[in-house]
Structure formats: C-alpha cells, structure tokens
Amino acid sequence: QVQLVESGGGLVQTGGSLRLSCVHSGGSFNLLPMGWFRHPPGEKREFVAAISREPSTSSYVDSVKGRFTISRDDEKNTVYLQMNNLKPEDTAVYYCNFVKWPDAQVISEIWGQGTQVTVSS
C-alpha cells in the first residue's frame, strides 16, 4: 500500500528558504523516480521537480531552475526539495509522488496530504 507523507512547509518572506521532505513507502515502489508537484490556489496541480534512480539525475520546471534542488535518501525512503530564493508565485500546497522518468508522469494516483508553502511579499 502506497503511503506518502509530506512535511516542511511554512510561511516565509520573499527570498527565504524552506526544505520539504517526503517520506514514501510502497515496497517495490520505493526505488522508483520521485517527483514534486504543487497546487497553487485556484489552479491545477503542476510539475515542479523529479529525480531518477541512482546514479541520480534531476529535472525541474523552468520557473524553479537555479532555486530549487531535489535530492533523495534511499536508506530513509525520503525525498527532499530544497527551495531557495522563494517567490510569492511559489505559494502552493506541495505534494510528492512516484513518477516515470524522464517525463515525470505520475505512477500512483494515491496522494499524500501535501504541505503548505506560503511566500509573502
């Protein structure tokens, strides 16, 4: 049974930083590529970043390149999203999920509760 638990969100000012965590469980799913998605208020969920299996490579939506870094710790079944130089446009509920590489298509339609990121001006 797939379980996804996101954490680390919060309220920050423009230019601030946050590090999100996603603890994932799913047996054989655990070594699949992982992705981060976000759901801005009033808009549909969108892709943010993805990371492949070891040796890992990463992919990002253009709007976060140079600011966000995705990483993974397979021993802890955890994926991270380091977010620097945050902007108000980054405000959203952030979710993680198992994805295919490199197109970041979601494998499971079971989503976690997400973690709220709010960036104030």
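Reading the values: the criteria
Residues numbered from 1 in each chain as written. Predicted model: local features only at pLDDT ≥ 70, side-chain atom pairs only at ≥ 80, totals over all residues. Heavy atoms only, no water. Pairing = 2+ DSSP bridges. Helix = DSSP H or I, 4+ residues; strand = E, 2+ residues; numbered from the N terminus. Axes fitted to C-alpha atoms, helices over the stretch in contact; angles between N-to-C directions. Polar contact = N/O pair within 3.5 Å; in protein donor to acceptor, adjacent residues only side chain to side chain. Contact = heavy atoms within 4.5 Å. Phe/Tyr/Trp six-rings, centres within 6.5 Å; stacked < 30°, edge-to-face > 60°. Buried < 20%, exposed > 50% of the residue type's maximum accessible area, 1.4 Å probe, protein only. Lys NZ or Arg CZ within 6 Å of the ring centre and 35° of its normal. Disulfide = S-S within 2.5 Å.

Undergrad: Give me the lowdown on the sheet that holds strand β4 (residues 34–39), citing residues and values where you can.
TA: Judged by pairing direction, the sheet is mixed, and its 6 strands sit side by side in the order β2-β10-β9-β4-β5-β6 without closing on themselves. Where the open sheet ends on each side, the last strands, each with one partner, are β2 (10–13) and β6 (58–60). Averaged over all neighbouring strand pairs, the angle between strand axes comes to 25°, with direction disregarded. As defined by bridge partners, β4 adjoins strand β9 (residues 92–98) across 6 bridges and the pair is classed as antiparallel.

Undergrad: Please give an account of the side chain of Thr78 that cites residues and values.
TA: In this fold, Thr78 is placed in strand β8 (residues 78–83). At 2.9 Å, the side chain of Thr78 forms a polar contact with the backbone oxygen of Lys76. Thr78 has contacts with Ser21, Cys22, Val23, His24, Ser71, Arg72 and Asp73, leaving out every residue within four places of it along the chain.

Undergrad: With reference to specific residues and values, describe the packing of aromatic side chains.
TA: Under the criterion given, the structure shown has 4 aromatic pairs. Between Tyr95 and Trp111 the ring centres are 6.0 Å apart and the planes differ by 80°, which places this aromatic pair in the edge-to-face class. Residue Tyr95 is located in strand β9, and its partner Trp111 is located in the loop between β9 and β10 (115–120); the two are separated by 16 residues in the primary sequence. Using a relative accessible area of 12% as the deciding quantity, one classes Tyr95 as buried. Following the ring pairs from residue to residue traces out a cluster consisting of Phe37, Phe47, Tyr95 and Trp111. Directly above the ring of Trp111 sits Arg45, whose terminal nitrogen or CZ lies 4.0 Å from the centroid.

Undergrad: Give a description of the state of the cysteines that names residues and reports values.
TA: In protein structure, a disulfide is the covalent linkage between the sulfur atoms of two cysteines. As enumerated under the stated definition, the model contains 1 disulfide in all. Disulfide partner of Cys22: Cys96, at an S-S distance of 1.8 Å. Taking the torsion about the S-S bond as the criterion, the Cys22 to Cys96 disulfide, at about 65°, is right-handed. Of this pair, Cys22 sits in strand β3 (residues 18–25) while Cys96 sits in strand β9; the two residues are 74 residues apart in sequence, bridging distant segments of the chain. For the residue pair Cys22 and Cys96, the accessibility class agrees, reading buried in each case.

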